[in-house]
Amino acid sequence: MSAKTAMLVYADGDVAAGLTEAAEFADEAGAAELLGLLWPPARIRPDGEEPWELGDAVFPPQGRACALSTPEVDVLCDQALMLDRPSQLPAHLIGASMGRTLYLHAMHSAVDWFAFAVWRDGVLVRSLSLSPDDGVLEDTGERLAFEAPFWAGKHPAPAGADYPFPFHPLVLGDQALQEFFGFSGEGADDGGPSAGRLDPWAVELFGFQIA
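Residues numbered from 1 in each chain as written. Predicted model: local features only at pLDDT ≥ 70, side-chain atom pairs only at ≥ 80, totals over all residues. Heavy atoms only, no water.

### Overview of the overall build of the chain
Link 1 in the chain: Assigned secondary structure in the chain consists of six helices and ten strands.
Link 2 in the chain: C-alpha atoms of the chain, sized along the principal axes, occupy 50 × 30 × 30 Å.
Link 3 in the chain: Counting the 211 residues in the chain, one finds 52% classified as buried.
Link 4 in the chain: Here the contacts in the chain between residues at least 6 apart in sequence split such that 63% fall between residues at least 24 apart.
Link 5 in the chain: A total of about 9,300 Å² of accessible surface is found on the chain, and carbon and sulfur atoms cover 48% of it. (Helix = DSSP H or I, 4+ residues; strand = E, 2+ residues; numbered from the N terminus. Buried < 20%, exposed > 50% of the residue type's maximum accessible area, 1.4 Å probe, protein only. Contact = heavy atoms within 4.5 Å. Areas by Shrake-Rupley, 256 points an atom, 1.4 Å probe, with all protein chains shown as cover.)

This is the structure:
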């Protein structure tokens, strides 16, 4: 898994637990309907491939998208979700989360950029976006508990790296993956967080082409 993500997740409870049971409920039609929140249905076509493992689906290529819809967890993966300011997620996507928790997670290792946001029942709780080149693009709401050690300098950037933050953004991004979804990505190579509760290669999403 690369340190790149572009994910939007709607959840009724624990995401990892919901994804563990996903195969029992998942179907392509439900995934396509979910993807209709992001793209006009007329532009959505099944990609004709085998289902994508979550470890790859978190960052599909341009013009492709991956989706999974279950009673407890809905997952959308599309590069269109990589927003510099996550709080500006379109209102209809936020509105679809009423009564649920909504997570946006996006990062790109080429520029050490990481962004995330959390809404509960349609209300923004926390949003953060930052990269060493652009600084802090957005920092809204109270910091979540898992962020505290990073801002306190307990996960410093690699020795000699000239970062404007007391941590490497990708390591914080990896920790957020574990906190929100129960699995670990590649992160930054400095002894960051270990593997999580969910095996991302055991969860399958449906792939689509976007015309």
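Now, onward.
### Observations concerning helix 6 (residues 169–181)
Link 1 in the chain: Its 13 residues give helix 6 an end-to-end C-alpha distance of 18 Å, which sits within 8% of 18 Å, the value for a rise of 1.5 Å per residue.
Link 2 in the chain: When you tally the buried positions in helix 6, you get twelve out of 13 residues, the bulk of the element.
Link 3 in the chain: Listing the buried residues of helix 6 in full gives Pro169, Leu170, Val171, Leu172, Gly173, Asp174, Gln175, Ala176, Leu177, Gln178, Phe180 and Phe181. (Expected span 1.5 Å × (residues − 1).)

### Some remarks on the pattern of salt bridges
Charged atoms that come close allow side chains of opposite charge to pair.
Link 1 in the chain: By the definition in use, this model includes seven salt bridges.
Link 2 in the chain: The salt bridge involving Asp47 is made with Arg64; its shortest N-O contact spans 3.1 Å. Within this pair, whereas Asp47 is found in the loop between strand 2 (44–46) and strand 3 (52–53), its partner Arg64 is found in strand 4 (residues 64–69), the two being separated by 17 residues in sequence. Like Asp47, the residue Arg64 is buried in the burial classification.
Link 3 in the chain: The partner of Asp74 in a salt bridge is Arg100, and the shortest N-O contact between them spans 2.9 Å. On the criterion of sequence distance, the pair formed by Asp74 in strand 5 (residues 73–77) and Arg100 in the loop between helix 4 (91–95) and strand 6 (101–108) is long-range, its members being 26 residues apart. (Salt bridge = Lys/Arg side-chain N within 4 Å of Asp/Glu carboxyl O.)

### Considerations on the pairing of strand 1 (residues 4–11)
Link 1 in the chain: Across the eight residues of strand 1, seven count as buried, placing the element largely inside the fold.
Link 2 in the chain: As paired strands, strand 1 and strand 6 are joined by eight bridges and run antiparallel to one another. When the bridges of strand 6 are listed, Ala11 appears paired with Thr101.
Link 3 in the chain: Pairing of strand 1 with strand 5 involves five bridges; the strand directions are antiparallel. Note on strand 5: the bridge partner recorded for Val9 is Val75. (Pairing = 2+ DSSP bridges.)

### Re the state of the cysteines
Link 1 in the chain: Within the structure shown, the criterion is met by zero disulfides.
Link 2 in the chain: The structure places no disulfide on Cys77, whose sulfur is separated from the nearest cysteine sulfur, that of Cys66, by 6.0 Å. (Disulfide = S-S within 2.5 Å.)

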